[in-house]
Amino acid sequence: VIMKERIKCTYAKAMELRPWVDRAITLGKRNSRYSYQNIKKFVFTTEAQFKIINELAPRFKNRRGGYCRVLRLGIRRSDSSQMAVIELTDTDQTILTPEQLERRKARRLAAKLRRLDPVTNEGLRIATARAQASRRGVITRDMPLGAQQESAPATT
């Protein structure tokens, strides 16, 4: 995963591999002698170690975790095992379409806002209005949440 940034394997292997990759990238971000020595526990080639330290750690410096994404593909015909793709989250060549990525962001925002107000489920309405307005270019990320609600058209 470190060298290719995306691999296809079984779902069980992908779920087992994800914490190892996350830990190796986290160690690369710490930028200390201790972390360089511990990266060797997770990655065995020097090329991969240098890629973690020089490429992946600066790329994920503002991200607090969740460096890998596991996506289910389908079932393999030979032994009926669940197949998956494990990839780094900030790659340009993801297998998700831009619409799927946008829907994922809207769902996460709706879940976050639903936790704030679970009775009225206001989060879903705000997230859909925000997604519609962002498609038209109305909302920027710099705006506070209240200003975004006012500038976005109300949906019923």
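The preceding data block contains the structure.
Only a predicted model underlies this, so the values are computations on that prediction, with no experimental measurement involved.

Participant: Explain the overall build of the chain to me, please; I cannot follow it from the model alone.
Facilitator: Scanning the chain for helices and strands turns up 6 helices and 3 strands. Reading the chain from its N terminus to its C terminus gives the helix and strand order β-α-α-α-β-β-α-α-α. When the accessible surface of the chain is totalled, it reaches about 10800 Å², and 51% of it is carbon and sulfur.

Participant: Sorry, what's going on with helix 3 (residues 46-59) here?
Facilitator: The α-helix advances 3.6 residues per turn, and as a result positions three or four apart in sequence lie on the same side. Here helix 3 contains 14 residues, and its C-alpha end-to-end distance of 19 Å stays within 8% of the 20 Å for a straight helix at 1.5 Å per residue. The largest bend in helix 3 comes to about 40 degrees, at I52. Taken together, the buried positions of helix 3 are occupied by A48, Q49, K51, I52, L56 and A57.

Participant: Just to check I follow, could you spell out the environment of L17 for this structure?
Facilitator: Relative to the elements of secondary structure, L17 occurs in helix 1 (residues 11-30). In sequence terms L17 and V70 are 53 residues apart; their C-alpha atoms lie 9.9 Å from each other. Residues in contact with L17, not counting those within four places in the same chain, are V1, I7 and I86.

Participant: Is there a simple way to think about the side chain of S35 in this case?
Facilitator: Position of S35 among the secondary structure elements: in helix 2 (residues 33-42). Exposure remark for S35: the relative accessible area of 0% places this residue in the buried category. In terms of polar contacts, S35 uses its side chain to reach the backbone carbonyl oxygen of S32, at 2.7 Å. Discounting residues that sit within four places of it in the chain, S35 has contacts with L27 and R30.

Participant: What exactly am I supposed to notice about the side chain of D22 here?
Facilitator: Mapped onto the secondary structure, D22 falls in helix 1. For D22, which is buried and forms no salt bridge, the nearest opposite charge comes from R18, at a distance of 5.2 Å. Apart from residues lying up to four places away in sequence, D22 is in contact with G66, Y67 and C68.

Participant: It is not clear to me how helix 1 should be interpreted in this structure. Could you clarify?
Facilitator: Here helix 1 spans 30 Å end to end across 20 residues, near enough to the 28 Å set by a 1.5 Å rise per residue. Within helix 1, the axis deviates most sharply at L17, by approximately 30 degrees, and proline P19 lies no more than four positions further along. Within helix 1, the full set of buried residues consists of A14, V21, D22, A24, I25, L27 and G28. Buried residues along helix 1 sit in contact with strand 1 (6-10), helix 2, helix 3, strand 2 (68-75) and strand 3 (82-88). Of the residues one or two after helix 1, N31 is the one with positive phi, at around 60 degrees.

Criteria and thresholds
- Here, residues in each chain are numbered from 1, in the same order as that chain's written sequence.
- Where totals are concerned, whole chains, interfaces and linings use all residues; where local detail is concerned, this predicted model gives features only for residues with pLDDT of at least 70, and gives and counts side-chain atom pairs only at 80 or more.
- Working from all heavy atoms in the structure, the side-chain values ignore hydrogens and water.
- We count a stretch as a helix when DSSP gives it H or I for four or more residues in a row; a strand needs E for two or more, and each element gets its number in order from the N terminus.
- Reported accessibility uses the Shrake-Rupley method at a 1.4 Å probe radius. Residues are deemed covered only where the shown protein chains occlude them.
- The span one expects for a helix is its residue count, reduced by one, times 1.5 Å.
- Two axes enter the definition of the bend at a residue: one is fitted to the seven residues ending there, the other to the seven starting there, and the bend is the angle between them.
- Burial classification: accessible surface area is computed with a 1.4 Å probe over protein chains only, and a residue below 20% of its type maximum counts as buried, one above 50% as exposed, and the rest as partly exposed.
- The contact rule is simple, with two residues in contact once any of their heavy atoms fall within 4.5 Å.
- For the purposes of these results, a polar contact is taken to be a pair of N or O atoms within 3.5 Å, where, inside protein, one atom must be able to donate a hydrogen and its partner to accept one; residues adjacent in sequence count only when each atom of the pair is a side-chain atom.
- By the counting rule applied here, Lys and Arg register as positive and Asp and Glu as negative, while His and the ends of each chain are not counted.
- We define a salt bridge as a contact between a side-chain nitrogen of Lys or Arg and a carboxyl oxygen of Asp or Glu at a distance within 4 Å.

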